[in-house]
Amino acid sequence: MTLTIKRLATAIALISAQAHAEDGKRHFDIPAQPLAAALQQLSAQSGTAMLYAEQSAAGKTSPALQGEYTIEEAIRKLLIGSGLIHSINADGTVTLKPGASSSATTLGAVTVVGQSNVDTNDPYNSNYQVRNANTATKTDTPIMELPLSVKVIPKSVINDQQITRLDDALKNVSGVYGGPGNGGTADTFLVRGFADFSPYYNGVRLETGWTQGGLRDAAGLERVEVLKGPASILYGRIEPGGMVNMVPKTPLATPYYSLQQQFGSYRFYRTTIDATGPVTADKSVQYRANLAYENKGSFRDFIEGERVYFAPTVHWDISDRTQATFYIDYLHNDTAPDVGGPPSIGNRPAALPRNRNLSEPNIRAVSDDILFGVDWSHAFNDQWTFRHRFFADFTEDNENLPGAPLGLDADNRTLHRGNFGVRDNLGATYNTNADLTGKFKTGIFEHTLLIGGDYFSFENSFAWPTPQTVPDIDIYNPVYSGNLDLLSRLDAVGNLGFEWFGVYLQDQIKLPYDVHLLLGMRYDNANSWQDFGAFGSGIKDTNHEDKVTPRVGILWQPIPSFSLYGNYIQGFGAPNIGVYGDSGAKIKPQTSEQWEAGFKKEWLDGRLNLTAAYFEITKQNIATPIFGTRFYEAVGKARNQGYELDLTGEMLPGWKVIGVYSYIDSEIVSNGGTDEGHRLANVPAHGGSLWNTYTVQDGALKGLKFGAGVVARSQRQGSNTNNFQLPGYAIFNALIGYETHIGKTKLTTQINADNLLDKEYFETGRADRNFWGTPRTFMGSVRLEF
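Structure report, in brief. Because the structure is predicted, anything quoted here is derived from the model rather than measured.

**Points about the packing of aromatic side chains**
The tally for this structure, following the rule as stated, stands at 20 aromatic pairs. Look at Tyr 643 and Tyr 661: their rings are 6.2 Å apart centre to centre, the planes differ by 45°, and that puts the pair in the tilted class. In this pair, Tyr 643 is assigned in strand β38 (residues 632-652) and Tyr 661 in strand β39 (residues 655-670), connecting sequence segments 18 residues apart. We classify Tyr 661 as partly exposed; its relative accessible area is 27%. Following the ring pairs from residue to residue traces out a cluster consisting of Phe 456, Phe 458, Phe 498 and Trp 500. The lysine or arginine in question, Lys 138, covers the ring of Tyr 235, its NZ or CZ lying 5.2 Å from the ring centre. Seen from the ring of Phe 456, Arg 205 lies directly overhead, with NZ or CZ sitting 6.0 Å from the centre.

Structure follows, in structure tokens:
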């Protein structure tokens, strides 16, 4: 239920105690009993003041607590399964309130010393550390108890780094890198070395690779959760490296308003608005609206862009046990995509000026993406909850790409080009899923059981005009042809699509001696089709597949601040549609498997967390052509193995850090002999980032913030043939800002400098072109919150 100041006053326990032990631990002896009584005993035995609403603890029980624990550890143990979260104020007072899933209100800015589960819905929350995640299991589980590798990027990091796009947020995750894409018309990323084009929105798959709806905007994001490894068990077909899930902002019961103006290098202007609060007097209906307008140029010739983002959301507490949230997410993108990067000469990208664009000046891509969704749940009692979600996403994309490269002549200066584009590229995605979650015991085993099913459907229709010949261009002395339009005649009209129905079962079992077992199984029944007959080659095909995929994980948490874990997971991947073996048989769909082991460690009462993992992922049944024929064989296999480190949290009061490192040994194990033994394209052996901020806590300079960081990549192969390389690089970033209050309004001013030393580097590459990294840029921001 909503937590308010009046309700906080209903229960206050204040009992003094002797000085704490130097290590912060105390002895507790609290039996299993009603939660309210256990909290009173905790206060009595520790001398800790506690603030909570009586009704928030009513009807709840707590487990027994015996032994030596810090306050942070003790509270976390008592609150397991209660749905409550806590914060510890600077004076040591503990505040309890319902979790974010209950649409709990917030108390504004709080100085936090230790936390069990950060209220990530709190708009004033500045913590980098998030202790719970939902994406991995569809249950709100402490990351320390998950036998999986999960990384969460909260909005505090998004704000500090002035992130406006999803791909920039992912630089804070180990083993996740940008992919070559198509010059900015769709999100492309590599997770643990495997490419993916489909981010998720609140657990719903977005087919951005086909629809080309523009890079996802960060204005409406509460956080980004990244689950490493195959995620098929709960989400169906997916690439094996992992899953990127964008968690949107949701309404709050306490009014909050934010206005931000950003301005920066290359004519960058961006305005964002965030407004939320109750609609009805009883606060049972709440709203939230996020709006962004952006207009920008580029360091690259001819490149510019304009976008509008609008995301209204309504939450309705229908009863104490039933709630529903309604979503709309709209993005209009009008941009000149960068498809005119330099080709490669020899084993390096051609030495051209960073600004030079080898496409024509009138290149353009215009898209609209609108998503509708409802997410509702009903709690039958304190143990069993039903949740249902339905989302529909509709996209339209029109592109004119004159000057797209076709290949470099033997003289290494004449670039052959074409005019490619798409009209009426229409996408329709429907996604629905239903989950029943229950908590119960069988003897000494504690279960969190998930039973669910989902249905996913995507259909894409499009029209491709006949490719138009564009005059060649001298890459060292370019002369442009002027405005070249697409031919009006639509010679290639086609459609493709895929759908699947899946059912899954998952059990999270807590065993004696702090052992956690994760067991899961899924069955998928999938169809895919394509009809490109208008090309004259009769490219028409249908596939039907089904697959059972398991997931097994085990974790041992001998002490609350340390966990050891391991997992084995199988994945169900893309269909090999339109390809056949020489016998005429269809090629089976792609599959994958992962072995992973690692540990998780917390320090400073959970304010600092480290996850270390070793993984090996193998992707199988990659269709590879049989030389000299039109047939394929399923001999393709790629393997990525390595280790990762993710460090997040608060080193000292005011000093926050997020740092990552990944080593990936990437290999094309087999593909018919052509590229065997090669590394996969754009996967660095070494990569990582480090970002620090420090905010002055008191004195005359209180509120002054400094930040600094680095992003580094080792050499990468530009293509799977490994015939050219992209040099490694390191870029340095910085921040200076100031936070103050004018009455009840919080004012934040900030300047970020990215690539401070103006390093020339390539972010990604592909066989026909390479993509420059951004030069030194500055971005200023003024934000008002009240």
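Back to the write-up after that little detour.
**Description of the sheet that holds strand β15 (residues 194-196)**
Read across the sheet, three strands follow the order β13-β14-β15 without closing on themselves; strand pairing throughout is antiparallel. A single partner strand is all that each edge strand has here, and the edge strands are β13 (176-178) and β15. For this sheet the average axis-to-axis angle between neighbouring strands, irrespective of direction, equals 30°. Sheet analysis places β13 next to strand β14 (residues 189-191), joined by three bridges and oriented antiparallel. Bridge assignment links Tyr 177 to a residue of β14, and that residue is Leu 190.

**Quick look at the environment of Leu 426**
Tracing the chain through its elements places Leu 426 in strand β29 (residues 414-442). Judged by relative accessible area, Leu 426 falls into the partly exposed class, the value being 36%. For Leu 426 and Phe 462, which are 36 residues apart along the polypeptide, the C-alpha to C-alpha distance reads 6.2 Å. Once residues within four sequence positions are removed from consideration, Leu 426 is found in contact with Thr 395, Glu 396, Glu 459, Asn 460 and Ser 461.

**Considering the side chain of Thr 137**
Along the chain, Thr 137 falls in the loop between β10 (132-133) and β11 (141-142). Not counting residues up to four positions away in its chain, the partners in contact with Thr 137 are Leu 146, Leu 234, Leu 450, Gln 506, Gln 508, Leu 518 and Arg 551.

**Quick word on the side chain of Arg 522**
Along the chain, Arg 522 falls in strand β33 (residues 515-532). For Arg 522, a relative accessible area of 1% corresponds to the buried category. A polar contact of 3.4 Å, which involves the side chain of Arg 522, links it to the backbone oxygen of Ser 232.

The rules behind these values
Residues numbered from 1 in each chain as written. Predicted model: local features only at pLDDT ≥ 70, side-chain atom pairs only at ≥ 80, totals over all residues. Heavy atoms only, no water. Phe/Tyr/Trp six-rings, centres within 6.5 Å; stacked < 30°, edge-to-face > 60°. Helix = DSSP H or I, 4+ residues; strand = E, 2+ residues; numbered from the N terminus. Buried < 20%, exposed > 50% of the residue type's maximum accessible area, 1.4 Å probe, protein only. Lys NZ or Arg CZ within 6 Å of the ring centre and 35° of its normal. Pairing = 2+ DSSP bridges. Axes fitted to C-alpha atoms, helices over the stretch in contact; angles between N-to-C directions. Contact = heavy atoms within 4.5 Å. Polar contact = N/O pair within 3.5 Å; in protein donor to acceptor, adjacent residues only side chain to side chain.

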